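Survey of secondary and tertiary structure
Now for the letters of each chain:
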Amino acid sequence: MRTVFMGSPEFAVPCLAALHKHSEVIAVVCQPDKPAGRGQKQTAPAVKVYAESLGLPVLQPQFLRPSKSTFVEELKTLKPELIVVVAYGKILPPELLAIPKYGCWNVHGSILPRYRGAGPIQWALMRGEDRTGVTLMQMDAGLDTGPMLRTLEIPITPDDTAGTLHETLSQLGAQLLSEAVSALAQGHIPTPIPQDNALATLAPLLDKEHGRADFTRSAKLVCGHLRGVDPWPGGYTLLPPGLAGPDAVPLKLFLPKVSSGQGRPGEVLGVDRDGLHVACGQGTVVFPEAQLPGRKRMPTQALCAGLQIPRGTILDEGRPNPLLT
C-alpha cells in the first residue's frame, strides 16, 4: 500500500517508523527547517532527520493551499492510497484530504472529542484528568473533528508530566497505527464512529503565562497544572519583592505533590526535607525542587537554606491565573 506521512516533531517519529514497517512510504512531508537554540541555527524537524536516515524522500512545502502553492498537484502525482498525519502543525485543505483512496488518518494525543487542538497532552494534565490516551481518526476539514477509527486509553499517574506522557503516548500512537494499517493492508477497513460534539473540549497552544501557578485552585488541580507545563513552558510563581531582590522574582517549581496543611491561597506553610509547602484553595502542595533565575534546579530545602522564605509569605499575592479556567 502506497502511503504518505505528514508530521514534524519528535512525537511523530515512532508513527513514521510504524508506517514504514507496514506500508510503502513514498514521501514524508514536514514543516520547513526553522531557527532554533541560542544561536538560532537552521534546524530540521525530527521527522525529517529520521526520514532521511531511512532514505525516504522528504517534502517541506511552505504552503499547502492550491491558491498559494502547487503542492496538492504534486501530491496527486504520487498517487498515495493513504495519508497519515501526526502533529504536522497545519490544517490540511479539503483538496488534499480528497486525494488518497482511504482518506487521511490522524493520530491525536487524547481521547476525542476531548482536547481537540495543539496541546492535548498538556491540557489533560492541567485539567486534572485521571485518564488519557490516543485516538486514530479520519480527518475532515475541521480541527480534530473527524470520525474516530480506534482509541487506546491509559491512566495518568500522580508522577506523570507532559514530558513523560509525551513519550508514552508517542509509542501508544505508533502501536495504534501499526494495528490499523496492518488490518487495512489485509482489506479490513475500520468503521468510522462520529464524535459527540457536545462533549468536545479544546486544547489550545500554550504560552509562558500558562505556566504561572494558581494557588486559588485545589491542590490536585495545582499539581496537575504544573505537571502539565513541565517541561514547557514550565511552572513558576512570583516571590514577593524584597525576598530575592527589590522586585518580584520568578521561582520555577517542579514535581508538585499533594501535602497536608491549611492556609490562604499561596501561603508558605514551611520548608522541610519534603520541600516547600504552599497552601491552595483546597489543601496544600509541596514542591521538592525549585529554581531561581540564573541558578541550577535544586532541592527546595537546599535552595531555602540560602534564600529565606518565611512562613506566612504569600506567593504571587495569591492571584488566580485566568488562562486556566
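Residues numbered from 1 in each chain as written. Predicted model: local features only at pLDDT ≥ 70, side-chain atom pairs only at ≥ 80, totals over all residues. Heavy atoms only, no water.

1. Notes on the nonpolar core
In this structure, Phe5, Val28, Trp105, Leu177, Phe215 and Val285 are the most contacted members of the largest nonpolar core, which totals 68 residues. At ten residues, helix H6 (residues 162–185) tops the list of elements feeding residues into this core. Excluding its chain neighbours within four sequence positions, the residues that come into contact with leucine 177 are Cys15, Leu19, Val84, Trp105, Val107 and Leu136. Listed in part, the 21 residues of the second largest apolar core include Ile26, Ala27, Val85 and Met148. (Core = buried A, V, L, I, M, F, W, Y, C linked by side-chain atoms within 4.5 Å. Buried < 20%, exposed > 50% of the residue type's maximum accessible area, 1.4 Å probe, protein only. Helix = DSSP H or I, 4+ residues; strand = E, 2+ residues; numbered from the N terminus. Contact = heavy atoms within 4.5 Å.)

2. Some words on a nonpolar patch on the surface
Together, Ile91, Leu143 and Leu202 line one region of the surface with nonpolar side chains, adding up to about 290 Å² of accessible area. Turning to its location among the elements, isoleucine 91 is positioned in the loop between strand E6 (82–86) and helix H4 (94–97). Among the residues examined, isoleucine 91 registers a relative accessible area of 45% and is labelled partly exposed. (Patch = residues over 30% accessible without salt bridge, like charges linked within 9 Å, V, L, I, M, F, W, Y side chains within 5 Å. Areas by Shrake-Rupley, 256 points an atom, 1.4 Å probe, with all protein chains shown as cover. Salt bridge = Lys/Arg side-chain N within 4 Å of Asp/Glu carboxyl O.)

3. A few points about the environment of tryptophan 105
In this fold, tryptophan 105 is placed in strand E7 (residues 104–108). On the basis of relative accessibility, which here comes to 1%, the residue tryptophan 105 falls in the buried class. Between the C-alpha atom of tryptophan 105 and that of histidine 277, which follows or precedes it by 172 residues, the distance is 46 Å.

4. Let's talk about helix H1 (residues 13–22)
Given 3.6 residues per turn, any residue in an α-helix points the same way as the ones three and four places further on. Restricting attention to buried positions, one finds in H1 the residues Val13, Pro14, Cys15, Leu16, Ala18 and Leu19. On its buried side, H1 packs onto strand E1 (2–7), strand E2 (24–29), helix H2 (46–53), E6, E7 and H6.

5. Thoughts on the side chain of serine 110
Its location among the elements puts serine 110 in the loop between E7 and helix H5 (120–126). Taking relative accessible area as the criterion, serine 110 reaches 1% and is therefore assigned buried. Looking at serine 110, its side chain comes within polar contact range of the main-chain oxygen of arginine 114, at 2.7 Å. (Polar contact = N/O pair within 3.5 Å; in protein donor to acceptor, adjacent residues only side chain to side chain.)

6. Topic: the pattern of salt bridges
Following the criterion strictly, the structure yields twelve salt bridges and no others. Across the pair arginine 2 and glutamate 24 runs a salt bridge whose closest N-O atoms are separated by 4.0 Å. Of this pair, arginine 2 sits in strand E1 while glutamate 24 sits in strand E2, and the two are 22 residues apart along the sequence. The class of arginine 2 is partly exposed, set by a relative accessible area of 29%. Residue classification places glutamate 24 among the partly exposed positions, given a relative accessible area of 43%. We note a salt bridge from arginine 131 to glutamate 153, for which the minimum N-O separation is 2.7 Å.

7. A closer look at the sheet that holds strand E12 (residues 257–259)
The strand order across the open sheet built from four strands is E12-E15-E14-E13, with neighbouring strands paired in antiparallel fashion. Here the strands that pair on one side only, and so sit at the sheet edges, are E12 and strand E13 (268–272). If you compare each strand with its neighbour and ignore which way they point, the axes differ by 30° on average. Sheet topology places E13 next to strand E14 (residues 275–279); four bridges connect them, and they run antiparallel. The residue bridging aspartate 272 from the neighbouring strand is glycine 275, located in E14. (Pairing = 2+ DSSP bridges. Axes fitted to C-alpha atoms, helices over the stretch in contact; angles between N-to-C directions.)

8. Considering the sheet that holds E2
Ordered by their spatial adjacency, seven strands build an open sheet running E5-E2-E1-E6-E7-E8-E9, and the pairing between neighbours is mixed. Here the strands that pair on one side only, and so sit at the sheet edges, are strand E5 (58–59) and strand E9 (148–155). Pairing geometry for E1 and E6, over five bridges, is parallel. Bridge pairing in E6 links threonine 3 to leucine 82. Running at roughly 175° to E1, H1 makes contact with E1, E2, E6 and E7 of the sheet.

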